[in-house]
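As a plain string of letters, each chain reads:
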Amino acid sequence: MNTLKIAIQKSGRLSEKSLELLKDCGIKISTSNRKLRTESPNFPIEVLFLRDDDIPQYVEQGVADIGILGENEVWEKDKNVTQIRQLGFANCKMCLAIPKDEEYTDLSFFKNKKIATSYPKILSNFFQKKGINVKIEEIGGSVEIAPSIGLANAIFDIVSTGSTLLTNGLKQVETVVESQAVLVANQNLDEQKKAILNRLLFRIEAVKQSFENKYILLNAPNEKLEEIIALLPGMKSPTVLPLAQEGWSSIHTVIKEDTFWDIIEQLKAFGAEGILVLEIEKMIL
């Protein structure tokens, strides 16, 4: 039987989140011995555990059919792969940072300056679009130390909390781009593998929709139903059921996570009571 080969990072937070996504999709993956290759017993997929910066090349060459990795690695490696969808985890910022005692006004600060980075292509493209000439010093790791040892005037790197910058006497001055985990695919998948990929995407979409939405149940006075229903479009429209208590109805619906608290506050203002909020395990549209 044909299988779809998926490459994921062999260790770290991105690896854990990728395996968690497959698990949420109902795909069993054995990681007990942490082999570099394993097959699922209940879905036609084979997992390859690789270095994240190698994944674009392996997907381009067909060693892996698809891969999960950070957008930053897709941009930096610039291989001929197709980006299928963003996955909503492993979010990070890629920023420019300078010594904390330096005075900063705008991007012109970097003109003719030397910048240390592990992402020369992303950085070069950014400054070319801005029309600013910079000197790029490519290094493999410990980018933050470069200014203090005289290797560079500034750095360009991934920033999460910023604590590493502070420890090395640096301050963030510009966010160049924001990145997250994405699913990429080889550009020449055969029809069987495309069919398996579509099955996987269907499951991923159901999982992502469940994370982005909440199921709510509430009791509402009938005289306020029209206003409350206007707040709650749901997947098509809310379900409204009469309660045993005259003049009241029960409303069931789904709302977006990012608008949740604003809507709850408005519901309370319209007299809604007994509001229950439930996690959604899967959501099929």
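As a reminder, the structure under discussion sits directly above these lines.
So, here's what we can say about the structure.

About the criteria used
Residues numbered from 1 in each chain as written. Predicted model: local features only at pLDDT ≥ 70, side-chain atom pairs only at ≥ 80, totals over all residues. Heavy atoms only, no water. Helix = DSSP H or I, 4+ residues; strand = E, 2+ residues; numbered from the N terminus. Expected span 1.5 Å × (residues − 1). Buried < 20%, exposed > 50% of the residue type's maximum accessible area, 1.4 Å probe, protein only. Arc of directions from axis to C-beta. Contact = heavy atoms within 4.5 Å. Phe/Tyr/Trp six-rings, centres within 6.5 Å; stacked < 30°, edge-to-face > 60°. Lys NZ or Arg CZ within 6 Å of the ring centre and 35° of its normal. Pairing = 2+ DSSP bridges. Axes fitted to C-alpha atoms, helices over the stretch in contact; angles between N-to-C directions. Salt bridge = Lys/Arg side-chain N within 4 Å of Asp/Glu carboxyl O.

**Notes on helix 1 (residues 13-24)**
An ideal rise of 1.5 Å per residue puts 16 Å on twelve residues; helix 1 measures up with 16 Å between its terminal C-alpha atoms. For helix 1, the set of buried residues is Leu14, Ser15, Ser18, Leu19, Leu21 and Leu22. Taken end-on, helix 1 shows its buried residues confined to a sector of 155°, consistent with a single buried face. Exposed side of helix 1, more than 90 degrees from the buried face: Arg13, Glu16 and Lys23 are the residues found there. In the core, the buried residues of helix 1 are packed alongside strand 1 (4-9), strand 3 (45-50), strand 4 (66-70), strand 11 (181-186) and helix 6 (191-212). Gly26 lies just past helix 1 and shows a positive phi near 80°.

**So, the packing of aromatic side chains**
In this structure the tally under the stated criterion is six aromatic pairs. When the centroid spacing of 5.8 Å and the interplanar angle of 55° are considered together, the rings of Tyr104 and Phe110 count as tilted. Taken individually, Tyr104 and Phe110 each receive the classification buried, so the pair is uniform in this respect. Here Phe260 and Trp261 contribute two aromatic rings whose centre-to-centre distance is 4.8 Å and whose plane-to-plane angle is 75°, an arrangement assigned as edge-to-face. Residue Phe260 is classed as buried on the basis of its relative accessible area, which comes to 8%. Trp261 gets classed as exposed once you look at its relative accessible area, which sits at 60%. Grouping aromatic residues by their ring pairs yields a cluster made of Tyr104, Phe109, Phe110, Phe126 and Phe127. Against the face of Phe109 rests Lys113, its NZ or CZ located 4.5 Å from the ring centre.

**Here we look at the sheet that holds strand 15 (residues 273-278)**
The strand order across the open sheet built from four strands is 13-14-12-15, with neighbouring strands paired in antiparallel fashion. At either margin of the open sheet sits one strand with a lone partner, and together these are strand 13 (239-242) and strand 15. For this sheet, the mean inter-axis angle between neighbouring strands, taken without regard to orientation, is 15°. Bridge count for strand 12 (residues 213-221) against strand 14 (residues 248-256) is nine bridges, and the pairing is antiparallel. Bridged to Asn219 within strand 14 is Ser250. Strands strand 12 and strand 14 of the sheet are contacted by helix 6, whose axis makes an angle of about 45° with strand 12.

**Here's the deal with the pattern of salt bridges**
Pairing is possible between side chains of opposite charge, provided their charged atoms come close. As enumerated under the stated definition, the model contains eleven salt bridges in all. Between Arg51 and Asp53 there is a salt bridge; the shortest N-O distance is 2.7 Å. We note a salt bridge from Lys194 to Glu191, for which the minimum N-O separation is 3.7 Å. Separated by three residues within a single helix, Lys194 and Glu191 lie in helix 6, roughly one turn from each other. Overall, the relative accessible area of 37% leaves Lys194 in the partly exposed class.

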